[in-house]
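One letter stands for each residue in the lines below.
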Amino acid sequence: MFVPCGESDPDFSGCTLLLPAVSVGNVGQLAIDLIISTLDMCKIGYFYTDCLVPVVGNNPYATAEENSTELSINTEVYSLPSRKLVALQLRSIFIKYKSNSFCEKLLSWVKSSSFARVIVLSSSHSYQRNDLQLRSTPFRYLLTPCMQKSVQNKIKSLNWQEMEKTPCIPEMSDSDYCVRIPGGGITRALYKESCSKEIQMAVLLKFVSEGDNIPDALGLVEYLNEWLQIIKPQSDDPAPSTLPWKMPSSWKLLFGSGLPPALF
C-alpha cells in the first residue's frame with residue numbers, strides 16, 4: 001500500500017516506474033540509488049508492506065548536515081514529475097514465503113495507479129551462463145507481450161540481446177525451455193505475473209558476481225540510459241564514461257569505515 005508523505009496522493013498516471021529486484025550483488029538497488037541521486041528525485045512516500053524485513057536508517061542521499069538526519073525505511077518512493085519518472089527503492093530482504101505476496105501487492109498498485117510502464121533493474125549469477133551467453137554481452141532484457149507492441153522497434157534499433165530461454169531443469173536433456181534468472185530474486189515472478197496481468201514491463205539485467213558491484217550498477221544504468229536518455233553526455237563524446245552519474249553520500253561507507261590509524 002502506498003502511503004504519501006503529503007496529505008494527498010500524487011498522480012502517477014502515465015509515469016514510468018523504476019524499481020530494483022533484490023538480486024545478486026544488489027546491482028538493481030545500487031542502480032536505483034544512482035538514478036535517485038543523479039536526478040535529485042524527491043521522496044514522495046512509502047510503500048507500506050509486511051513482506052520485507054523492517055529497516056530504518058539515516059538519509060542515504062544526504063547532501064548537507066541539515067538533511068542527513070532524515071530517516072529512511074525499507075521501501076520508499078521517489079519522483080521526478082518533470083520527466084514523469086517514479087522510483088521505488090527496496091532496502092531490505094524479503095521475509096520467508098512473502099515474496100509472492102509482495103509481487104501481487106506491487107502489481108495491484110501499479111494497475112490502480114495507472115503507471116504507463118514498469119522497468120525492473122536486476123542481475124543474475126554470471127557463473128550460471130551458458131556458452132552463448134559467455135561469448136556475448138553481459139546485458140539482457142525481457143519484455144512482456146503488451147510492452148513489445150510499444151517499444152519493440154526502439155529496442156531493435158539498440159541491438160540489445162533478449163534473455164534466452166534455457167532448460168527449466170538443466171540436469172535433464174529433454175527438459176522444457178523457459179526463462180531462468182538464477183540469483184534474480186523476484187525478477188522472474190514479477191515478469192510472469194505482469195505477462196498474465198497484461199502490464200507493460202521491461203526487465204533489464206546484467207550477469208554479475210558478488211563483490212564490489214559499483215561498476216556493474218554503473219553499467220546497468222548506462223544500459224538503461226541508452227533507451228530512456230535519463231541524462232545527456234556533458235561533452236560531444238557519447239561514451240558512457242562521460243555521463244555525470246552522481247554517487248550518493250551513503251556509498252562512502254559501502255564497505256564499512258576505513259582502518260583505524262591506531263593499527264599502524
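The rules behind each value
Residues numbered from 1 in each chain as written. Predicted model: local features only at pLDDT ≥ 70, side-chain atom pairs only at ≥ 80, totals over all residues. Heavy atoms only, no water. Helix = DSSP H or I, 4+ residues; strand = E, 2+ residues; numbered from the N terminus. Rg over C-alpha atoms; globule rule 2.2 N^0.38 Å. Buried < 20%, exposed > 50% of the residue type's maximum accessible area, 1.4 Å probe, protein only. Contact = heavy atoms within 4.5 Å. Areas by Shrake-Rupley, 256 points an atom, 1.4 Å probe, with all protein chains shown as cover. Lys, Arg positive; Asp, Glu negative; His and termini not counted. Charge placed at Lys NZ, Arg CZ, Asp CG, Glu CD. Pairing = 2+ DSSP bridges. Axes fitted to C-alpha atoms, helices over the stretch in contact; angles between N-to-C directions. Salt bridge = Lys/Arg side-chain N within 4 Å of Asp/Glu carboxyl O. Patch = residues over 30% accessible without salt bridge, like charges linked within 9 Å, V, L, I, M, F, W, Y side chains within 5 Å. Parallel < 35°, antiparallel > 145°, perpendicular 65-115°, else oblique. Left-handed = near helix turned anticlockwise from the far one by under 90°. Nonpolar A, V, L, I, M, F, W, Y, C, P; charged D, E, K, R; others polar.

Notes on the overall build of the protein
- Helix and strand counts for the protein come out as six helices and 12 strands.
- Expected size for 264 residues packed as a compact globule is a radius of gyration near 18 Å; at 19 Å, the protein falls within 12% of this value.
- If you line up the protein on its principal axes, its C-alpha atoms span 60 × 55 × 45 Å.
- Taken across its 264 residues, the protein has 48% of its residues classed as buried.
- In the protein, the proportion of contacts linking residues at least 24 apart, taken out of those at least 6 apart, comes to 72%.
- For the protein, the accessible surface area stands at approximately 13600 Å², while carbon and sulfur atoms represent 53% of it.
- Looking at charge distribution, the protein has the averaged site of its 24 positive side-chain charges lying 5 Å from that of its 26 negative ones.

What to know about the sheet that holds strand β3 (residues 42–47)
- Spatially, eight strands are ordered β1-β3-β6-β7-β2-β8-β12-β9 in an open sheet, and the strand pairing comes out mixed. Here the strands that pair on one side only, and so sit at the sheet edges, are β1 (2–4) and β9 (139–143). Ignoring which end each strand starts from, the neighbouring axes of this sheet average 25° apart.
- Where strand β2 (residues 16–20) lies against strand β7 (residues 85–90), three bridges are found, and the strand directions are parallel. Paired with leucine 17 across the bridge in β7 is valine 86.

Section: the pattern of salt bridges
- Tallied over the full model, the rule gives seven salt bridges.
- Among the ionic pairs, aspartate 216 bridges to lysine 206, the shortest N-O distance being 2.8 Å. One end of the pair, aspartate 216, is in helix α6 (residues 214–228); the other, lysine 206, is in strand β12 (residues 201–208), with 10 residues separating them in the sequence. Each member of the pair, aspartate 216 as well as lysine 206, is classed as buried.

A look at the pairing of β3
- For β1 and β3, the ladder comprises three bridges, and the chain directions are antiparallel. Across the sheet, valine 3 pairs through a bridge with tyrosine 46, a residue of β3.

Examining a nonpolar patch on the surface
- On the surface, a nonpolar cluster with roughly 290 Å² of combined accessible area is contributed by Val53, Val55, Ile93 and Ile95.
- Looking at where isoleucine 95 falls in the secondary structure, it is placed in the loop between β7 and α2 (99–112).

Section: the packing of α2 against helix α5 (residues 187–196)
- Interhelical geometry of α2 versus α5 gives an angle of 45° and a closest axis separation of 10 Å. The angle between α2 and α5 falls in the class oblique. Along this stretch, α2 crosses α5, giving a crossing that reads as right-handed. Two secondary-structure elements touch here, α2 through Asn100, Cys103, Leu106 and Leu107 and α5 through Ala189, Leu190, Glu193 and Ser194.
- Among the residues making up the contact of α2 with α5, the classes are represented as five nonpolar, two polar and one charged.

Describing unusual backbone geometry
- Although it is not a glycine, lysine 84 sits at a positive phi angle of roughly 55°.
- With respect to the helices, strands and loops of the structure, lysine 84 is situated in the loop between β6 (75–80) and β7.
- The phi dihedral of glutamate 198 falls on the positive side, at around 55°, and the residue is not glycine.
- Inspection of the secondary structure puts glutamate 198 in the loop between α5 and β12.
- Overall, the relative accessible area of 65% leaves glutamate 198 in the exposed class.

What to know about the environment of asparagine 58
- Secondary-structure assignment places asparagine 58 in strand β4 (residues 56–58).
- Separated by 52 residues in the primary sequence, asparagine 58 and valine 110 have C-alpha atoms spaced 28 Å apart.
- Setting aside its immediate chain neighbours within four residues, asparagine 58 contacts Ser68, Glu70, Leu71 and Ser72.

Taken by themselves, the reported measurements are silent on function.
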